Every structure is written in C-alpha cells, then in structure tokens.
Amino acid sequence: MARVKRGVAAHKRHKRLLKDSEGRKGTKSKLIKPAREALLHALAYATRDRKQRKRQMRALWIIRINAAARQHGMTYGAFVNGLKRADVAVDRKILADLAVRDAGTFGRIVEVAKGA
C-alpha cells in the first residue's frame, strides 16, 4: 500500500483559513494558530450577536413606540394594553415604523387603543 502524505490537504486547509482571516491585525492574518483562534472567536461572536441583535431591535422599537405614545398622552404599557383589548394585531416593528414615518396613522391607532 502506498504511503499517503498529507501536506497538500493541510496546505489547502491552511490557505482557506488564512483567506477567511484576511483583514485582521498582526499575526491573526498571517500565522495559522492565531488565525484559527481568531476565526473561532469571530464565529462564536457572530452566533451570539445574531441573537443579541433581535433583542436590541425589539428594545429600540419599544423606545420609539413609547416616545410616540407619550406625545399622544399615553404610556407604552397602557397603549399596548389598549391594543390587546381592541384586538388590534399590529406588531412592534410596524408600530415603531408608523411612529417614525406616519404620525397621523399612529395617532389614529392611539385613539383606538384609548377607546378600548
């Protein structure tokens, strides 16, 4: 049976790793071990931050809705409670967008929430 040397496969794997680590500072873009560590950390941070981005966006929407609701004389909690009682199924993303871009429509939604 012929002897298998693994240099070609390792070289290909290393080149792919270094290509993925382009743009990093210092040895993290030049040497294999630091590049691998940096890549693993980057992937872990990316996974974590995809989940955190969802939380941050929801928090931003709530802040925008609260500010717009207070301009109409309501708190965020009372506004959301009024929407639930009135069976208005509009999510926070759309409400925040209306609060920023279309104040008239948001004002009508606030009146519906006040009525309920």
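### Description of the packing of helix α4 (residues 92-101) against helix α5 (residues 103-115)
Here is step 1 of the chain: For the pair α4 and α5, interaxial distance at closest approach is 6 Å and the crossing angle is 125 degrees. One finds that α4 runs oblique with respect to α5. Along its contact with α4, which presents L95, L98, A99 and R101, the element α5 presents A103, T105, F106 and I109.
Here is step 2 of the chain: Class assignment of the residues belonging to the contact of α4 with α5 gives a composition of 6 nonpolar, 1 polar and 1 charged.

### Here's the deal with the nonpolar core
Here is step 1 of the chain: Ranked by size, the top nonpolar core spans 16 residues in total, and within it I65, M74, F79, L83, L95, F106 and I109 carry the most contacts.
Here is step 2 of the chain: Beyond its immediate stretch of four places on either side in the chain, F79 contacts I65, A69, M74, L95, F106, I109, V110 and A113.

### Let's talk about α5
Here is step 1 of the chain: When the terminal C-alpha atoms of α5 are compared, their 18 Å separation across 13 residues agrees well with the 18 Å that a helix rising 1.5 Å per residue should span.
Here is step 2 of the chain: Burial in α5 covers these residues: F106, G107, I109, V110 and A113. Take α5 and look down its axis: the buried residues cluster within an arc of 160 degrees, on one side only. What points out from α5, more than 90 degrees from its buried face, is the exposed set R108 and G115.

Criteria and thresholds
- Residues numbered from 1 in each chain as written.
- Predicted model: local features only at pLDDT ≥ 70, side-chain atom pairs only at ≥ 80, totals over all residues.
- Heavy atoms only, no water.
- Axes fitted to C-alpha atoms, helices over the stretch in contact; angles between N-to-C directions.
- Helix = DSSP H or I, 4+ residues; strand = E, 2+ residues; numbered from the N terminus.
- Parallel < 35°, antiparallel > 145°, perpendicular 65-115°, else oblique.
- Contact = heavy atoms within 4.5 Å.
- Nonpolar A, V, L, I, M, F, W, Y, C, P; charged D, E, K, R; others polar.
- Core = buried A, V, L, I, M, F, W, Y, C linked by side-chain atoms within 4.5 Å.
- Buried < 20%, exposed > 50% of the residue type's maximum accessible area, 1.4 Å probe, protein only.
- Expected span 1.5 Å × (residues − 1).
- Arc of directions from axis to C-beta.

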